[in-house]
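In case you want the letters, here they are:
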Amino acid sequence: MAEQDDQRKRHFILEGTAETERFRSPQQGGGGAPIPDRNRSQHGGALMRQLEALRPQVVNAREAQEAAGIEEGFGLQVEFESFPDIELAFESLARERSGIELLNVRHDEQRTLATVFVPDGKLETFENLIHAYLDESKDTKSGPKNRKLLNAISEIRAATLSALWTDDPAELPASEEETLWWEVWLPVRGDRAETTGRFKQMAEGLGFQLAPGELQFPERTVLLAHGSAAQMKQSVLTSNSIAELRRAKEAAEFFDALPPEEQPAWLDELRARLTVPGEDADVPHVCLFDTGVNHAHPLIAAGLAAPDLHTVEPGWGTNDGDGHGTEMAGLALAGNLTEALASQEPLDVRHRLESVKLLPANGANGGDARHHGYLTTEAAARPEITAPQRRRLFSMAVTARDNRDRGRPSAWSAAIDRLAADSEGQSETPRLFVIAAGNVQDPNAWAEYPASNTTDGIHDPGQSWNALTVGAATQLVQITEPDAGGYQPIAPAGGLSPFSTTSAAWHKTGWPLKPDVVLEGGNAAKDALGAVWMPSLSLLTANSKPEERVFTTTNATSAASALAARMAAQLMAEYPGLWPETIRALIVHSAEWSEAMRQAFLPGNGQPTKAEISNLVRHCGFGVPDLDRAMWSVENSLTMVCEERLHPFSRDGRKEPTLRDMNLHRLPWPLEELEALGETPVAMRVTLSYFIEPNPSERGFSARYRYESHGLRFDAKRPAESEADFRARINAAARDEEERTRSGGDDPGWVVGKQNRHKGSLHSDIWRGSAADLASRGVIGVYPALGWWKTRPRLERYDRPVRYALLVSIRAPEVDVELYSAVANQVAVPVAVQV
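What counts, and where the lines are drawn
- Residues numbered from 1 in each chain as written.
- Predicted model: local features only at pLDDT ≥ 70, side-chain atom pairs only at ≥ 80, totals over all residues.
- Heavy atoms only, no water.
- Helix = DSSP H or I, 4+ residues; strand = E, 2+ residues; numbered from the N terminus.
- Rg over C-alpha atoms; globule rule 2.2 N^0.38 Å.
- Buried < 20%, exposed > 50% of the residue type's maximum accessible area, 1.4 Å probe, protein only.
- Contact = heavy atoms within 4.5 Å.
- Areas by Shrake-Rupley, 256 points an atom, 1.4 Å probe, with all protein chains shown as cover.
- Phe/Tyr/Trp six-rings, centres within 6.5 Å; stacked < 30°, edge-to-face > 60°.
- Lys, Arg positive; Asp, Glu negative; His and termini not counted.
- Salt bridge = Lys/Arg side-chain N within 4 Å of Asp/Glu carboxyl O.
- Pairing = 2+ DSSP bridges.
- Axes fitted to C-alpha atoms, helices over the stretch in contact; angles between N-to-C directions.
- Parallel < 35°, antiparallel > 145°, perpendicular 65-115°, else oblique.
- Left-handed = near helix turned anticlockwise from the far one by under 90°.
- Polar contact = N/O pair within 3.5 Å; in protein donor to acceptor, adjacent residues only side chain to side chain.
- Nonpolar A, V, L, I, M, F, W, Y, C, P; charged D, E, K, R; others polar.
- Core = buried A, V, L, I, M, F, W, Y, C linked by side-chain atoms within 4.5 Å.

Can you tell me about the overall build of the protein, naming the residues and giving the values?
Each helix and strand in the protein was counted, giving 26 helices and 38 strands. Relative to a compact globule of 835 residues, whose C-alpha radius of gyration would be 28 Å, the protein shows 28 Å and is just as compact. With the C-alpha coordinates aligned to their principal axes, the bounding extent of the protein is approximately 85 × 70 × 55 Å. Going through the 835 residues of the protein one by one, you find that 60% of them count as buried. Residue pairs in contact within the protein that sit at least 24 positions apart in sequence constitute 82% of those at least 6 positions apart. About 32,200 Å² of surface is accessible on the protein, with carbon and sulfur atoms providing 47% of the total.

Here it is, written out as structure tokens:
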């Protein structure tokens, strides 16, 4: 029997299922490649001579800084290089009490390179480390003192421009005459405004042009400066307040539309079936960050009021001179108009639109450049000032042109993470961002499908941890153009769109699994000569110049992200009390991979490995979301939603914070019904969604200088495991108290697997097995993992609570069983039915 969709029921929104208790991770640290022993006297002597060679440069740096008007905070930036294939213990280079600060860490194919700021008079700190290393009387049981740090260091030298460059090495200016917009990352030392002001004064004195605005993160301030490589080299000596340099991103990509035949009568017929809430209605709003929206379009005017048109630059106006923003507005309001026009059913829209003009058109960072992260922050403020109590989500199809970040957080993606987490407002009003993954733009690459999807990475800011990042899939395979007889669709029905970028080429440890989901983004076609895209393989939407034509076509991840934003608004309308984290989770929780996706990215007919599943997720996200599945439960397939809080860390008088709490969720479980099904195959899906506070810097991402404020993990009780053993397995504190041993063995039923699913701040996995085994799995644990709130105690974030959404579904689509009613009887709620 198929999933029963004729009796749709609201999901269970549960309260009071979590019991909080103290948590301490049972896992032990360690690992890492051994560091070879060195000839103590030779190696220590060489390092000491390199330090001595720095002394004249310390004097020169101070003289240059005094000449530039700097009155305090003198020092030199020093670069440390590891031996080949040896990981440098770069965290040990920092001595915060002495003012010695780790600025950045880079890796090439063989070496680790770390840049450190050493204040005037503190070079002796490293000399003392070497003296202790050379002194045999201070040896420890493992050998010379400080051996782990010093035996890994090959060279010590004064930092140059390249030592501050943390972007793609190919982006480093090739000549001193080249001018560009530099993304300058400043450390926060004492008073942030004072540090930033000193740099701006120095930069203006050297002839730099500074862009208005800046981005502020816990330990970094990011701004833009335009000048030559020669000017920046001088600034490295003159200013000691630069932690990192990157090339500023060029402005965003948009795609011109290919219009279909004018069909104005279609619009009149559609408007007759369209119902949109009024301007004053308390409904969700999709706020579009784009090129503006043409409010004069008859379809758009129904759902977008003139007071809700904004811009980050008054001189630009709010109208759409490019066309892209209006295209996105049509999709976000009414979906793909091809489907709406082909139907005779009423189109009941339960949300409205807002618009912020983020960019005037498809352009580059010209002389009036401003940082995209700063503009995005400004854009979020505009509607919130106008209508502060309004429920809204933000939709952005603007991305950088290139994909050079390869998953690494940028200032732009970190700004979105900061906005989503509401870091400025103490996480009181988090925001939901739906953003496009960015597009494969080269038609020659489309012809290499799907290999081109693998090699073309998601574009900035699509690597944002907290945003819902949307790629593109397609069902469009019918080519109807009369002159296209020699063309064939590139992607199969249900496959990944040729336009969709992926995270397949990202570093596999540390970065999230992206995209999160894929929605319709159109297809391309090819013949023997090459690839093109066609109107019949695209989505229909509103045209920005309705006086010429009312409809146009659009495609790619921009279109897909607008459709995802519409879905999010529909969920917010049905469940107005749910958090942004929960809405994001519902969309991902409802997603499934198509057969075409499985055939493309899961080789062979056997059981796929966890690595193969991870590769599938990095191409297609968790699949295509389904609105009915996201919004409704049915009798044999139900979803439970829990929104909870916990304290991941605490200090409790200790020198360093420790892991603090975990939550144990005892869910209302249809035990008898599942046991009665015996060996019938069923599935349980678990999704955990939360927002992290970002702390971006290029100082390593796996230990003290983590990007994320905290992590959360989930685990489920196993079939043959008692609740006490389950608690003992994930909670060392409980294990110690009750003297129970950890339950061993693997839990092979999970599709994604524990090692792969716990990346980023959105974790989803599916367990498949027998109903009898699922019957005993009704307890889910949520527990903390490391983050900079714990490892950077001086920033005093360790005592903050966090919140999360936990979704658990039971699915038995092939059998007629009353699972929903069994759960409803336990929670004593009326069964609301949608027919």
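Once the structure has been displayed, the description carries forward.
So what's going on with the packing of aromatic side chains? Residues and values would help.
One pass over the full model with this rule turns up 10 aromatic pairs. Ring geometry for W446 and F499: centres 5.0 Å apart, planes at 85°, overall edge-to-face. Pair noted here: W446 is in helix α13 (residues 443-446) and F499 is in the loop between β22 (495-496) and β23 (517-520), with a separation of 53 residues, a long-range link. A residue is classified by how much of its surface remains accessible, and W446, at 4% relative accessible area, is buried.

Quick one: what's the story with the side chain of R713, residue by residue and with numbers?
Its location among the elements puts R713 in strand β34 (residues 711-716). Buried charge R713 goes without a salt bridge, the closest partner of opposite sign being E708 at 5.6 Å. Residues within four places of R713 in sequence aside, it is in contact with L688, Y690, H758, H763, G781, V782, Y783 and A785.

Quick rundown of the sheet that holds strand β24 (residues 525-526)? Include the residues and the values.
With antiparallel pairing, the three strands of this open sheet are ordered in space as β21-β24-β25. Across the chains shown, the open sheet's two edge strands, defined by having one partner strand only, are β21 (488-489) and β25 (531-532). Where β24 and β25 come together, two bridges link them in antiparallel fashion. Residue K526 lies in a different strand from β25, and its bridge partner there is A531.

Can you explain the pattern of salt bridges? Please cite residues and give values.
For the structure on display, the rule yields 64 salt bridges. Of the charged contacts in the structure, one is a salt bridge between R111 and D108, with a shortest N-O distance of 2.6 Å. D108 gets classed as partly exposed once you look at its relative accessible area, which sits at 34%. Close ionic contact of R729 with D715 constitutes a salt bridge, the shortest N to O distance being 2.7 Å. Placement of R729 in helix α21 (residues 723-730) and of D715 in strand β34 is noted, with a sequence separation of 14 residues between them. For the pair R729 and D715, one class covers both residues: buried. If you follow the salt bridges from partner to partner, you end up with E79, E81, R106, D108, R111, E155 and R157 in one network.

Tell me about the environment of L762, and name the residues and values.
With respect to the helices, strands and loops of the structure, L762 is situated in strand β35 (residues 762-770). By relative accessible area, which is 7% here, L762 ends up buried. Spatially, the C-alpha atoms of L762 and T179 are 40 Å apart, while their sequence positions differ by 583 residues. Apart from residues no more than four positions distant in its own chain, L762 is found in contact with D516, R584, A585, V588, T687, L688, S689 and R757.

Describe the sheet that holds β34, listing the residues and the values that go with them.
Within a sheet, each strand pairs with its neighbour through backbone hydrogen bonds, oriented either parallel or antiparallel. The strand order across the open sheet formed by four strands is β3-β32-β36-β34, and the pairing between neighbours is antiparallel. Where the open sheet ends on each side, the last strands, each with one partner, are β3 (18-22) and β34. Strand after strand, the sheet turns through a mean of 25° between neighbouring axes, direction not considered. Pairing geometry for β3 and strand β32 (residues 661-666), over five bridges, is antiparallel. Across the sheet, the residue bridging to R22 is D661, located in β32. Sitting on the sheet, α21 is in contact with β3, β32, β34 and β36 (779-785), with an inclination near 15° to β36.

I'd love a proper account of the packing of helix α11 (residues 372-386) against helix α12 (residues 411-421), names of residues and values included.
Two elements in contact, α11 and α12, have axes whose closest approach is 8 Å; the angle formed by their N-to-C orientations is 25°. By the angle between their axes, α11 is roughly parallel relative to α12. Crossing handedness for the pair α11 and α12: right-handed. In contact with H372, G373, T376, T377 and A380 of α11, α12 contributes W412, A415, I416 and L419.

Outline helix α18 (residues 610-620), listing residues and values.
Every buried residue belonging to α18 is among I613, S614, L616, V617, R618, H619 and C620, and all of these are buried. Those residues of α18 that are buried are in contact with α14 (451-455), β22, β23, α17 (595-601) and α23 (754-757). Count one or two residues on from α18 and you reach G621, which has phi positive near 60°.

Account for the side chain of S413, with residues named and values stated.
Along the chain, S413 turns up in helix α12. S413 sits in the buried class, given a relative accessible area of 1%. A polar side-chain atom of S413 sits 2.9 Å from the main-chain amide nitrogen of S410. When neighbours within four sequence positions are excluded, S413 is seen to be in contact with D460, P461, Q463, S464 and Y707.

Go over the packing of helix α15 (residues 556-574) against helix α16 (residues 580-589), please, and point to the residues and values.
Their axes nearest at 10 Å, the elements α15 and α16 cross at an angle of 115°. Crossing hand, α15 versus α16: right-handed. Listed contacts from α16 to A564, M567, A568, L571 and M572 of α15 are I583, L586 and I587. Residues of the contact of α15 with α16, tallied by class, amount to eight nonpolar, no polar and no charged.

Pulling in residues and values, what's your account of unusual backbone geometry?
At the junction of Y449 and P450, the peptide bond is cis and its omega measures out at -5° in the coordinates. Mapped onto the secondary structure, P450 falls in the loop between α13 and α14. In this model, K514 is joined to P515 through a cis peptide bond whose omega is 0°. For R406, which is not a glycine, the phi torsion comes out positive at approximately 50°. With respect to the element layout, R406 can be found in the loop between β18 (392-396) and α12. Phi angles above zero are rare outside glycine, and E796 is one such case at about 55°. Looking at where E796 falls in the secondary structure, it is placed in the loop between α25 (788-791) and β37 (802-811). Since its relative accessible area comes to 57%, E796 is described here as exposed.

Account for the environment of G335, naming residues and giving values.
Positionally, G335 belongs in the loop between α9 (324-334) and α10 (337-342). Residue class for G335 comes out buried when judged on its relative accessible area of 2%. Spatially, the C-alpha atoms of G335 and A565 are 9.9 Å apart, while their sequence positions differ by 230 residues. Residues in contact with G335, not counting those within four places in the same chain, are G330, L540, L563 and R566.

Summarise the nonpolar core; cite the residues concerned and give the values.
Judged by nonpolar contacts, the single largest core of 92 residues is most densely connected at L337, L393 and W593. Sort the elements by how many residues they give to this core and α15 lands first, with 12 residues. The residues touching L337, leaving out its near neighbours within four places in the chain, are L270, L299, L540, T541, A542 and F551. With 65 residues, the next largest nonpolar core counts L677, V686, V779 and I810 among its residues.

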